[in-house]
Amino acid sequence: MLLLPPYSPELNPVERLWDELREKNFHNRVFDSIGALESHLVDALRHMEETTDVVKSIAGWDGIINSLCNAN
């Protein structure tokens with residue numbers, strides 16, 4: 001496990017994925033209900049799941065990939 005310095009969201013790949021999700025799917029949107037927001041989020045996450053190349057380009061930093069490949 002690699003510990004991140006405190007207050008360093010730029011080093012956390014999940015934060016970069018959330019930024020991409022917010023920018024592409026939630027920018028300037030208003031939802032009628034929490035259910036509509038949840039449904040839209042599920043659709044956006046499913047789309048992100050299907051576009052693995054995009055996810056790899058955002059979160060697949062060399063250090064992360066090397067750590068996963070070398071894990072026992």
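Residues numbered from 1 in each chain as written. Predicted model: local features only at pLDDT ≥ 70, side-chain atom pairs only at ≥ 80, totals over all residues. Heavy atoms only, no water.

A. Just the packing of aromatic side chains, in detail. All told, the structure shown has one aromatic pair when counted by the stated rule. Ring centres of Phe 26 and Phe 31 lie 5.8 Å apart, and the angle between their planes is 55°; this geometry places the pair in the tilted category. (Phe/Tyr/Trp six-rings, centres within 6.5 Å; stacked < 30°, edge-to-face > 60°.)

B. Fine view of unusual backbone geometry. With phi around 55°, Asn 28 is a residue other than glycine that occupies positive phi space. Along the chain, the position of Asn 28 falls in the loop between helix 1 (13-25) and helix 2 (34-50). (Helix = DSSP H or I, 4+ residues; strand = E, 2+ residues; numbered from the N terminus.)

C. View of the nonpolar core. Grouped together as the largest cluster of nonpolar side chains are eight residues: Leu 17, Leu 21, Phe 26, Phe 31, Ala 44, Met 48, Ile 58 and Ala 59. Sorting the residues of this core by element identifies helix 1, helix 2 and helix 3 (52-59) as the ones contributing at least two each. Discounting residues that sit within four places of it in the chain, Met 48 has contacts with Leu 17, Glu 20, Leu 21 and Val 55. (Core = buried A, V, L, I, M, F, W, Y, C linked by side-chain atoms within 4.5 Å. Buried < 20%, exposed > 50% of the residue type's maximum accessible area, 1.4 Å probe, protein only. Contact = heavy atoms within 4.5 Å.)

D. Structural context of the pattern of salt bridges. Inspection of the entire model under this criterion finds three salt bridges. Where Lys 24 meets Glu 20, a salt bridge forms, and the shortest distance between an N and an O atom there is 3.3 Å. On the criterion of helical spacing, the pair formed by Lys 24 and Glu 20 is a turn pair, its members being four residues apart in helix 1. In this structure Lys 24 comes out as exposed when scored by relative accessible area, which is 54%. The closest approach of N and O atoms between Lys 24 and Glu 23, which form a salt bridge, is 3.8 Å. Residue Glu 23 is classed as exposed on the basis of its relative accessible area, which comes to 53%. (Salt bridge = Lys/Arg side-chain N within 4 Å of Asp/Glu carboxyl O.)

E. Summary view of the environment of Arg 16. In this fold, Arg 16 is placed in helix 1. Note on Arg 16: relative accessible area 38%, which makes it partly exposed. On a C-alpha basis, the gap between Arg 16 and Ile 58 in space is 6.6 Å, while along the polypeptide they are 42 residues apart. Not counting residues up to four positions away in its chain, the partners in contact with Arg 16 are Glu 10, Ile 58 and Trp 61.

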